[in-house]
Amino acid sequence: MGSFFITAGFISALIATLAFLFVSRGNEKLIRPARIFFHAAVVFTLSSSAFLLYLIITHQFQYTYVWNYSSTDLPLNLLISTFYAGQEGSFHLWAFMTAVLGIFLHAFLIKRDSDKANSGHTSNDTYEPLVMFNYSLILTFLLFIMIIKSPYMMVWESFPKDVEAGFVPQDGRGLNPLLQNFWMTIHPPILFTGFASLAIPFAFAMAALFKNRYDRWMKLALPWTLFSGMVLGVGIMLGGFWAYGVLGWGGYWGWDPVENSSLVPWIVIVAAIHTMVGEEKTGKYKKTSLLLCILGFVFMLYSTFLTRSGLLGDASVHSFVDPGQEVYLFLIVFLSLFGGGGIAMILFRLKSLKSLETNAGIKLSRESALIIGAITLCASALIILVGTSWPIFTKATIDPAFYNKMNLPLAILIAVINGISILLAWKHTDDKRFFKSLYLPVILSVVFTSLLVILGVDDILIAVFAAASLFAFFINLNIIFKILNKSTVKAGPYIAHLGIMILFLGIIGSSKYSQEENVTLPIGETKEALGYSLTYKGASLIPETHDKYHFNVIVEKDGKGYLLQPIMYYSDYSEGIMKNPDIANLVTKDIYLEPISLETPQPFTEQDVVNIPKGSEKVIKDVTVKFLDFDQSKFNQESMMKGEENILGAKLEVTVNGKKEELLVEQYYSGGQTQNIPVKLESNPDLTFYLTNIAITGESSVDIAVTDGHQHTNIASETLILTASIKPFINLVWGGTIIMALGFFASLISRHRKFNTNAKKISGDTKQHSSSGNGHDNGHGNGHDNGHSNGHNNNSNNNNVPKKTRTEHHN
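Residues numbered from 1 in each chain as written. Predicted model: local features only at pLDDT ≥ 70, side-chain atom pairs only at ≥ 80, totals over all residues. Heavy atoms only, no water.

Asks: Please provide a residue-by-residue account of empty space enclosed by the protein, values included.
Replies: Within this structure, the stated rule accounts for one cavity of 30 Å³ or more. The computed volume of the largest cavity comes to approximately 40 Å³. Contributing to the lining of the largest cavity are A529, L530, Y532, L534, V555, I591, L593, A724, S725 and I726. At the level of secondary structure, the elements contributing two or more residues to the lining of the largest cavity comprise β3 (532–541), β9 (589–599) and β19 (719–728). The biggest single contributor to the lining of the largest cavity is β19, with three residues. (1 Å grid on protein atoms, 1.4 Å probe; cavity = no way out; pocket = protein on both sides within 12 Å on 5 of 7 lines; lining within 4 Å. Points joined across faces, edges and corners; volume = space filled by probe spheres on them. Helix = DSSP H or I, 4+ residues; strand = E, 2+ residues; numbered from the N terminus.)

Asks: Before we move on, could you go through the packing of aromatic side chains and cite the residues and values that matter?
Replies: Applying the stated criterion across every chain, the model contains 35 aromatic pairs. Aromatic side chains F141 and F338 sit 5.4 Å apart centroid to centroid with 75° between the ring planes, which places their arrangement in the edge-to-face category. Linking F141 in helix α6 (residues 128–148) with F338 in helix α13 (residues 325–348), this pair joins segments that are 197 residues apart in sequence. F338 carries the same exposure label as F141, and that label is buried. An aromatic cluster of three or more residues is present, and its members are F4, F5, F44, F51, Y54, Y63 and Y152. In this arrangement the basic side chain of K211 is found over the ring face of Y127, its NZ or CZ atom lying 5.0 Å from the centre. Sitting over the ring of Y592, K727 keeps its end group 5.6 Å from the ring centre. (Phe/Tyr/Trp six-rings, centres within 6.5 Å; stacked < 30°, edge-to-face > 60°. Buried < 20%, exposed > 50% of the residue type's maximum accessible area, 1.4 Å probe, protein only. Lys NZ or Arg CZ within 6 Å of the ring centre and 35° of its normal.)

Asks: Before we move on, can you summarise helix α15 (residues 366–394) with the specific residues and values?
Replies: Its 29 residues place the ends of α15 42 Å apart at the C-alpha level, agreeing with the 42 Å of an ideal helix rising 1.5 Å per residue. Phi for K395, located one or two positions after α15, is positive at around 60°. (Expected span 1.5 Å × (residues − 1).)

Asks: Please set out the sheet that holds β19 residue by residue, giving values where relevant.
Replies: If you walk across this open sheet you meet the four strands as β1-β19-β9-β8, and the pairing is antiparallel. Across the chains shown, the open sheet's two edge strands, defined by having one partner strand only, are β1 (515–522) and β8 (582–585). The average angle at which neighbouring strand axes cross in this sheet is 20°, direction not considered. Pairing geometry for β1 and β19, over eight bridges, is antiparallel. Within β19, the residue paired with E517 across the bridge is A724. (Pairing = 2+ DSSP bridges. Axes fitted to C-alpha atoms, helices over the stretch in contact; angles between N-to-C directions.)

Asks: Any chance you could break down a nonpolar patch on the surface for me, citing the residues and the numbers?
Replies: A contiguous nonpolar patch, built from Y439, I443, V447, F448, L451 and I454 and spanning about 640 Å² of accessible area, is present on the exposed surface. For I454, the location among the structural elements is in helix α17 (residues 431–455). Judged by its relative accessible area of 70%, I454 is exposed. (Patch = residues over 30% accessible without salt bridge, like charges linked within 9 Å, V, L, I, M, F, W, Y side chains within 5 Å. Areas by Shrake-Rupley, 256 points an atom, 1.4 Å probe, with all protein chains shown as cover. Salt bridge = Lys/Arg side-chain N within 4 Å of Asp/Glu carboxyl O.)

Asks: How would you summarise the sheet that holds strand β10 (residues 609–613) if you had to cite specific residues and measurements?
Replies: Note on sheets: strands pair through backbone hydrogen bonds, and any given pair is parallel or antiparallel. The strand order β10-β18-β17-β16 describes an open sheet built from four strands, whose pairing is antiparallel. Bordering the open sheet on either side are β10 and β16 (679–681), each of which pairs with just one other strand. In this sheet, neighbouring strand axes are inclined to one another by 35° on average, regardless of whether the strands run parallel or antiparallel. Direction of pairing for strand β17 (residues 684–695) relative to strand β18 (residues 701–707): antiparallel, over a ladder of seven bridges. Across the sheet, L691 pairs through a bridge with I704, a residue of β18.

Asks: Break down the packing of α15 against helix α16 (residues 400–423) for me, citing the residues and quoting the values.
Replies: Describing two packed helices takes the angle between their axes plus the distance from one axis to the other. Relative orientation of the contacting elements α15 and α16 amounts to 165°, with a least axis distance of 9 Å. With respect to α16, the axis of α15 lies roughly antiparallel. Judged by the twist between their axes, the crossing of α15 over α16 is left-handed. On α16, the residues touching R366, A369, I372, G373, T376, L377, A379, S380, I383, I384, G387 and T388 of α15 are F402, Y403, M406, N407, L410, L413, I414, I417, S421 and I422. When its residues are assigned to classes, the contact of α15 with α16 shows 14 nonpolar, seven polar and one charged. (Parallel < 35°, antiparallel > 145°, perpendicular 65-115°, else oblique. Left-handed = near helix turned anticlockwise from the far one by under 90°. Contact = heavy atoms within 4.5 Å. Nonpolar A, V, L, I, M, F, W, Y, C, P; charged D, E, K, R; others polar.)

Asks: Just give me the short version of the nonpolar core, but keep the residues and values in it.
Replies: By size, the foremost hydrophobic cluster in this structure holds 163 residues, and its most contacted members are F204 and W217. Among the elements that take part in this core, helix α18 (residues 460–484) stands out by supplying 14 residues, more than any other. Among all residues touching W217, those that are not within four sequence positions of it are Y127, P201, F204, A205, A208, M276, E279, S289, L290 and C293. (Core = buried A, V, L, I, M, F, W, Y, C linked by side-chain atoms within 4.5 Å.)

Asks: With reference to specific residues and values, describe the pairing of strand β6 (residues 567–571).
Replies: Looking along a regular strand, one sees side chains alternate from face to face of the sheet. Among the five residues that make up β6, five are buried, leaving the element largely enclosed by the rest of the structure. Burial of the side chains of β6 extends over both faces: I567, Y569 and S571 are buried on one face and M568 and Y570 on the other. Strand direction decides the pairing type here: strand β4 (residues 549–557) and β6, joined by two bridges, are antiparallel. Residue pairing for β6: Y549 is matched across the bridge by M568. Pairing analysis gives five bridges linking β6 to strand β7 (residues 576–580), with the strands arranged antiparallel.

Asks: Got a sec to walk through the side chain of H550? Specific residues and values, please.
Replies: Residue position: H550 is located in strand β4. Classification of H550 as buried rests on a relative accessible area of 17%. Filtering out sequence-adjacent residues up to four positions away, H550 remains in contact with G538, A539, S540, I542, Q565, P566 and I567.

Structural measurements only, silent on function.
In structure tokens, the structure reads:
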């Protein structure tokens, strides 16, 4: 059934794509079938998603994908998240989000085209056919990938040599422990919503290029571009928050190639938003806006190719394994078709685009600042893109310091441009008024930067970065206060900018001036680190688990104490020790404890351990010890592979004062951990034997340790080793992200209200036209059409607006 849904969805999307193409060529009779088949493709995609989710929740382990990523012990929220834990499921999530967004996009297009038709424009001005052609084509490609990389294969199809047809495993392999976190249920869906939404500005840009008309596309695409910037930005930072709180390496951004490949399209689409605003206000930067909307989607496809192709398997902890030759080649086709097609269309229309461009020279104006800012953003994206792609060509990874060093000057420039651009007017700015407006923010930024230097900021470039961020912060804050008296949503762009500047300040504090120290904590003993007293109080089993432990540490300073509980446990899935940090979140900083290891007391030293080959004997502590054979009566190989409890022993012959005694020494295994079981000698209870190591392959041998009653332990007590760190102003990173997202959201609300206002105005104008009689229509008709098609751009430049209106628009 699942395969049927995907195949039917693919066929429906393909038919819808062709039908929308024919409609755009003039065959308007096909518009109804095109809409029906597109919605059919959406329904089949959603049905496949529901069916896969049903298979996961009901534990249908005969399906390879369900067996590979889920298990019966997962809670419901994590069980649902296994939907997108693997290659096949993440492609399905991408298609699902594309289908859902397609419903809203299609309704949006029908509404806007209807409003335009009511204003007296011809059907040639509609965008539905070409936008939906491009969008349906993207959905078609995604569904085809799901056909060749299906989540509906059976285990006997995946493993024909090992599994008989009809076999149903009792349980699945389970979810990677690193993914067993609350954020697994939120981060990927948000990120893939951002990925899917990038197809919409791309579709509008391609439609404008196909039509060779550039008077409407930007206004229609801008709300969706804002949506992409908001959702993708939030998704990226949620990933950083997840890494910071769970992975335990002490940071939120490591310049990992897969992290970067999500960041690049976001930077590009943010640049596109600014050039589109400049185009809306002045009529300039049409080529740039089209190019950036296309590149935002193309770079997202490129990031998908990097992540899914397996090329970064050795360079990134996030990368998927090789998906197979078919998917690999199809990803190349996917990327080449849309990337190459988009660039080719811009080159094909270059002559037309050049003829529409007004004088876009750099001068003291807001639009000039916007284009410089967009260029700076693109330079940052290019640097990150080159560093991210480097492992493909050289098999070597780029050091994170490269990204920090190259992007720091660009970040300073971005902050300065952001502040200056807000003080500039569109088209032309009075010099004296502009320089006068700089006095207060410059003074405030100098004062606050001086305070930061006094408090310890000793790096010149970092101080300049802080000053630039504070400069833009104060300017945006001032504008927000002025606008909030009139309208909250109109302050959206400035709120978003304010969030970015707060984020910049948080990055300075939490990364550049983070303090770190390794600490050894014997149980019950207090140690000093980073100005705090740390005391390890022992481990406690986490409720509802059988092998996960909290390692309880009391952190104290100035009479205030915090209980931090970092986690360590053995994972059968990854066959290694998993470590999760714990964090005390304070107002101005975080106290971050990352566990390294636990050292337990050992009753013997390394000098006490002796290796004895099978059949040989050695003298230890004045007794002769001979290794006779292994004892595997309590051992099961299959249980051992699963990490379950096992005991493996060695039979010894011990000779004391001429008397021989057989002794069985054993080693206990559970969850990847070993425990040496002490065994006393009957004829001499002071002697205790330990089996410390077993070598079965090659020359069989055992390591035996023997202690007497007078020895002391090697380590006095259980000892926790961890890394303690202080993250100053880390809350500014998370707070800045939230404020930025709110700014995007307010801008979306403002744009939506503007559309509704224009629609009501058009509706009112239409009623007036219809009530004024046919004579008015006949006298107005052709002139109105010609004035719209030929003079729209001039109107946007205010050349045909009365003087009073021009002044109000300028203000």
